[in-house]
Amino acid sequence: MGVLPVPAEGRAILLDIEGTTTPIAFVQETLFPYIKDNVKEYLRAHWEEEECQQDVGLLRKQAQEDSSLDGAVPIPLESGSGEEELERVIQAVVDNVHWQMSLDRKTTALKQLQGHMWKAAYATGHVKGEIFEDVVPAIRKWREAGMKVYIYSSGSIEAQKLLFAYSTEGDILELFDGHFDTKIGPKVESESYRRIAASIGCATNNILFLTDVPREASAAEEADTHVAVVIRPGNAGLTDDEKSYYNLISSFTELFLPSST
């Protein structure tokens, strides 16, 4: 690792979040435990609200689709017969959410509820998005040099925006030209990177993708996107082959932009 030149044809930098802009520990030790620890309290507090009922409806529909899976947790309908029954339904939702999270599922229903819970947590100051200290100064330099900067994460666009709007560095949403999540396609499929390039109006080889996951880097490369693998504290280790094959950086400050003159 050292100085890594951005390819001369580079026009845009595409950033992963977990393990790239943000410590994996923040996601695993702050965001997800917050959901597990607070989902029952959140449901009780917001149950009568339309947004919460929509979330529960999506989870119930997902539970029906999951009914044949081992350990699946059904969510019964309410019949309006009192507080005890309401508690039983809420507990079923809680158990379903815990079951999905134990399998690291990324269903739309689960992500939507999580997004709404995190929105409340960020807004009340219970949670702040952690950002590596080299990230903001580097992105400001890239933007000054005329580069566009985008986010591509498996977390929903709403969750991405919350993390950067309520971050340890303040509201830094203005630093990003756009956001992508898995609605554009899975991060381990090359076609996703072609769709992103088309969406932002450039060729795939005009993009440099920074990620900590070699499978994602490989998929981006298949689409002729430039890649660098980011080494951060807490990230999964790389094989010797991966270390020798990929361009590696441990800080965004190691990226060198060719002069535009």
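Let me sum up the structure you'll find in this document. (Residues numbered from 1 in each chain as written. Predicted model: local features only at pLDDT ≥ 70, side-chain atom pairs only at ≥ 80, totals over all residues. Heavy atoms only, no water.)

**Overview of the overall build of the protein**
Counting its regular elements, the protein contains nine helices and eight strands. In summary, the protein has a C-alpha radius of gyration of 20 Å against a globular reference of 18 Å for 261 residues, a match within 12%. In terms of its C-alpha atoms, the protein occupies a principal-axis envelope of roughly 70 × 40 × 35 Å. Residues classed as buried in the protein amount to 49% of the 261 residues present. Across the protein, every contact between residues at least 6 apart in sequence was considered, and the portion connecting residues at least 24 apart equals 69%. (Helix = DSSP H or I, 4+ residues; strand = E, 2+ residues; numbered from the N terminus. Rg over C-alpha atoms; globule rule 2.2 N^0.38 Å. Buried < 20%, exposed > 50% of the residue type's maximum accessible area, 1.4 Å probe, protein only. Contact = heavy atoms within 4.5 Å.)

**Quick look at the pattern of salt bridges**
Two side chains of opposite charge can pair, provided their charged atoms sit close to one another. Applying the stated criterion to the full structure yields 10 salt bridges. Note that Lys-187 is salt-bridged to Asp-16, the shortest N-O span being 2.7 Å. One end of the pair, Lys-187, is in the loop between strand S4 (178–180) and helix H7 (190–200); the other, Asp-16, is in the loop between strand S2 (12–15) and helix H1 (24–46), with 171 residues separating them in the sequence. Linking Arg-232 and Asp-134 is a salt bridge whose minimum nitrogen-to-oxygen distance equals 2.7 Å. (Salt bridge = Lys/Arg side-chain N within 4 Å of Asp/Glu carboxyl O.)

**Observations regarding the packing of H1 against helix H4 (residues 108–123)**
Interhelical geometry of H1 versus H4 gives an angle of 95° and a closest axis separation of 10 Å. In terms of orientation, H1 lies roughly perpendicular with respect to H4. Every residue of H4 that contacts H1 at Phe-26, Leu-31, Phe-32, Tyr-34, Ile-35, Asn-38, Val-39 and Tyr-42 is listed here: Leu-113, Gln-114, His-116, Met-117, Trp-118, Ala-120, Ala-121 and Tyr-122. Residue composition of the contact of H1 with H4, by class: 13 nonpolar, three polar and no charged. (Axes fitted to C-alpha atoms, helices over the stretch in contact; angles between N-to-C directions. Parallel < 35°, antiparallel > 145°, perpendicular 65-115°, else oblique. Nonpolar A, V, L, I, M, F, W, Y, C, P; charged D, E, K, R; others polar.)

**Regarding the packing of helix H2 (residues 50–65) against helix H3 (residues 83–102)**
Relative placement of two packed helices is described by the angle separating their axes and the distance separating the axes. Look at H2 against H3: their axes get within 11 Å of each other, and the N-to-C directions meet at 65°. You can see that H2 and H3 cross each other, and the crossing is left-handed. Where H2 abuts H3, its residues Val-56, Leu-59, Arg-60, Gln-62 and Ala-63 lie against Val-89, Val-93, Asn-96, Val-97 and Gln-100. The residue inventory of the contact of H2 with H3, partitioned by class, reads six nonpolar, three polar and one charged. (Left-handed = near helix turned anticlockwise from the far one by under 90°.)

**Some thoughts on the pairing of strand S6 (residues 226–230)**
With four of five residues buried, S6 is to be regarded as a mostly interior element. Inspection of the sheet shows strand S5 (residues 207–211) paired to S6 by four bridges, in the parallel sense. Bridge pairing in S6 links Leu-210 to Ala-228. Handedness of the crossover joining S5 and S6 through helix H8 (residues 214–222) is recorded here as right-handed. Looking at chain direction, S6 and strand S7 (residues 248–249) are connected through two bridges and run parallel. Residue pairing across strands places Val-229 opposite Leu-248, the latter belonging to S7. On the question of chirality, the crossover connecting S6 to the parallel S7 by way of helix H9 (residues 240–245) is right-handed. (Pairing = 2+ DSSP bridges. Right-handed = clockwise from strand over helix to strand, strands pointing away.)

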